[in-house]
2 protein chains.
Amino acid sequence: MNIGQVAEASGLPAKTIRYYEDIGLLNPARRANGYRDFGGDDLHKLTFLARARSLGFSIDECRTLLSLYENRARSSADVKAIAEAHLSRVEHKISELNSLKRTLRDLVDHCRGDERPECPILDDLGRGSDRAN
Amino acid sequence: MNIGQVAEASGLPAKTIRYYEDIGLLNPARRANGYRDFGGDDLHKLTFLARARSLGFSIDECRTLLSLYENRARSSADVKAIAEAHLSRVEHKISELNSLKRTLRDLVDHCRGDERPECPILDDLGRGSDRAN
DNA sequence: CTTGACCTTCCGGTAAGTGGAACCATTAGA
DNA sequence: TCTAATGGTTCCACTTACCGGAAGGTCAAG
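Residues numbered from 1 in each chain as written. Chains lettered and ligands numbered in written order. Predicted model: local features only at pLDDT ≥ 70, side-chain atom pairs only at ≥ 80, totals over all residues. Heavy atoms only, no water.

Enquirer: Quick rundown of the interface of chain A and chain B? Include the residues and the values.
Expert: The interface of chain A with chain B comprises 51 residues on the first partner and 51 residues on the second. A buried area of about 4,500 Å², summed over both sides, lies between chain A and chain B, and 70% of it is on carbon and sulfur atoms. Its largest share of buried area at the contact with chain B, chain A owes to Arg-51, Leu-122 and Leu-125 of chain A, together 16% of the area lost on that side. Summed over the shared surface of chain A and chain B, the result is 4 salt bridges. Across the pair Glu-91 of chain B and Arg-105 of chain A runs a salt bridge whose closest N-O atoms are separated by 3.1 Å. Between chain A and chain B we count 20 residue pairs in polar contact (both at pLDDT 80 or more) in total. Elements supplying a minimum of two residues to the side of chain A that touches chain B: helix 3 (40-54), helix 4 (59-69), helix 5 (76-110) and helix 6 (120-126) of chain A. Among the elements that take part in the side of chain A that touches chain B, helix 5 of chain A stands out by supplying 21 residues, more than any other. (Contact = heavy atoms within 4.5 Å. Buried area = accessible area lost by both parts, 1.4 Å probe. Salt bridge = Lys/Arg side-chain N within 4 Å of Asp/Glu carboxyl O. Polar contact = N/O pair within 3.5 Å; in protein donor to acceptor, adjacent residues only side chain to side chain. Helix = DSSP H or I, 4+ residues; strand = E, 2+ residues; numbered from the N terminus.)

Shown next as structure tokens:
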């Protein structure tokens, strides 16, 4: 398959696929004309990567996950550890964003949003860091 | 004040302050010896920026916010619009992360995490995109 | 006079790609 | 057969918001 076809099939942009090859996640064969020649296993890797990336795993985690995927002697504990670490990162981020959201909501709700210059949002930003959060 | 002192006072690293000058957020005076010489207004700007950045506003938004802050003829509506846009970005991100979290939680909960290779997480990643989310 | 802390600029790197230029290959149509 | 369209190729620059480090200038203290 040409790159356009695996791009279509995997849902990843061709640019991204080339990039993945560049950083060594992939090693597709080459034809005589220099074109990449992707096999079914390459496509499979790419869909694996697409899914893993869509779950927010970093490229480095994807690399490890992929090697575990291809290693029949793996321990599921290793996979789970990566996923749990990622999950707690996500949970941490969510709580950060929730606290951010409350602050922003509060600021926004107190601003009239009219043609006048008075603005509690700017007041907050301008008033150093002596606040309650 | 020297950069180390405003860094201390604003809570921003000196590197960041130089960067902010570089991208035109700031224009501190210079002494004869080439050292930056920060005034009270510079420090005020920096604390404004530190707070705005900590609320997750982009540098570009900070630039706009700062110019509104310094513009006595502003409309609070302009400020509010920026904050609301940011708030909805945050809310959007939160809901994305929540759905991600559910998926990851589900995957993690179904993985034994032992020394055996069987792993529902890898099964999911490897099984194309024919799933329910 | 030297040591150490502080300042300066500049270069490179980060994550994960995206956009574009310049160029080659393949194929369909006039 | 020429040409145009489409789709490959490589390489370089750009993105965000900085951080790390090198090479070197400045300043106060001992």
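That was the structure; now back to the text.
Enquirer: Which residues make up the relation of the copies chain A and chain B, and what values go with them?
Expert: Of the transformation placing chain A onto chain B, the axial shift is 0.0 Å and the rotation is 180°, giving an RMSD of 0.1 Å. Here the symmetry operator amounts to a two-fold rotation axis. The C-alpha atom lying nearest the rotation axis in chain A is that of Ile-94 of chain A; the distance is 3.0 Å. The fraction of interface residues of chain A whose copies in chain B are also interface residues reaches 100%, indicating that both copies meet through the same surface. (Least-squares fit on C-alpha atoms with pLDDT ≥ 70 in both.)

Enquirer: Break down the protein's contact with DNA strand D for me, citing the residues and quoting the values.
Expert: Neighbouring DNA strand D are 19 residues, the closest being Arg-36 of chain A together with Lys-15, Thr-16, Tyr-20 and Arg-53 of chain B. Those atoms of DNA strand D that come within 4 Å of the protein belong to sugar or phosphate at a rate of 67%. Between DNA strand D and Tyr-35 of chain A there is a distance of 3.0 Å, counted from a base nitrogen to a side-chain nitrogen or oxygen. With respect to DNA strand D, the side chain of Lys-15 of chain B contributes an N or O atom lying 2.2 Å from a base oxygen. No other element matches the 4 residues that helix 2 (residues 14-22) of chain B contributes to the surface near DNA strand D. (Near = heavy atom within 4 Å.)

Enquirer: Give me the lowdown on the protein's contact with DNA strand C, citing residues and values where you can.
Expert: Close contacts around DNA strand C come from 19 residues, with Lys-15, Thr-16 and Arg-53 of chain A together with Gly-4 and Arg-36 of chain B the closest. Among all atoms of DNA strand C positioned within 4 Å of the protein, those belonging to sugar or phosphate total 71%. In the environment of DNA strand C, a phosphate oxygen lies 2.7 Å from a nitrogen or oxygen atom belonging to the side chain of Arg-53 of chain A. Ile-59 of chain A is positioned such that a nitrogen or oxygen atom in its backbone is 3.4 Å from a phosphate oxygen of DNA strand C. Contributing elements (two or more residues each) for the surface near DNA strand C: helix 2 (14-22) of chain A together with helix 1 (3-10) and helix 2 of chain B. Of the residues contributing to the surface near DNA strand C, the split by class is 7 nonpolar, 6 polar and 6 charged. (Nonpolar A, V, L, I, M, F, W, Y, C, P; charged D, E, K, R; others polar.)

Enquirer: Provide a residue-level description of the environment of Glu-21 of chain B, including the pertinent values.
Expert: Residues and elements named next belong to chain B. With respect to the secondary-structure elements, Glu-21 resides in helix 2. Considering only alpha carbons, one finds Glu-21 and Asp-78, 57 residues apart in sequence, at a separation of 25 Å. What Glu-21 contacts, discounting residues up to four positions off in sequence, is Leu-26, Pro-28, Arg-30 and Arg-36.

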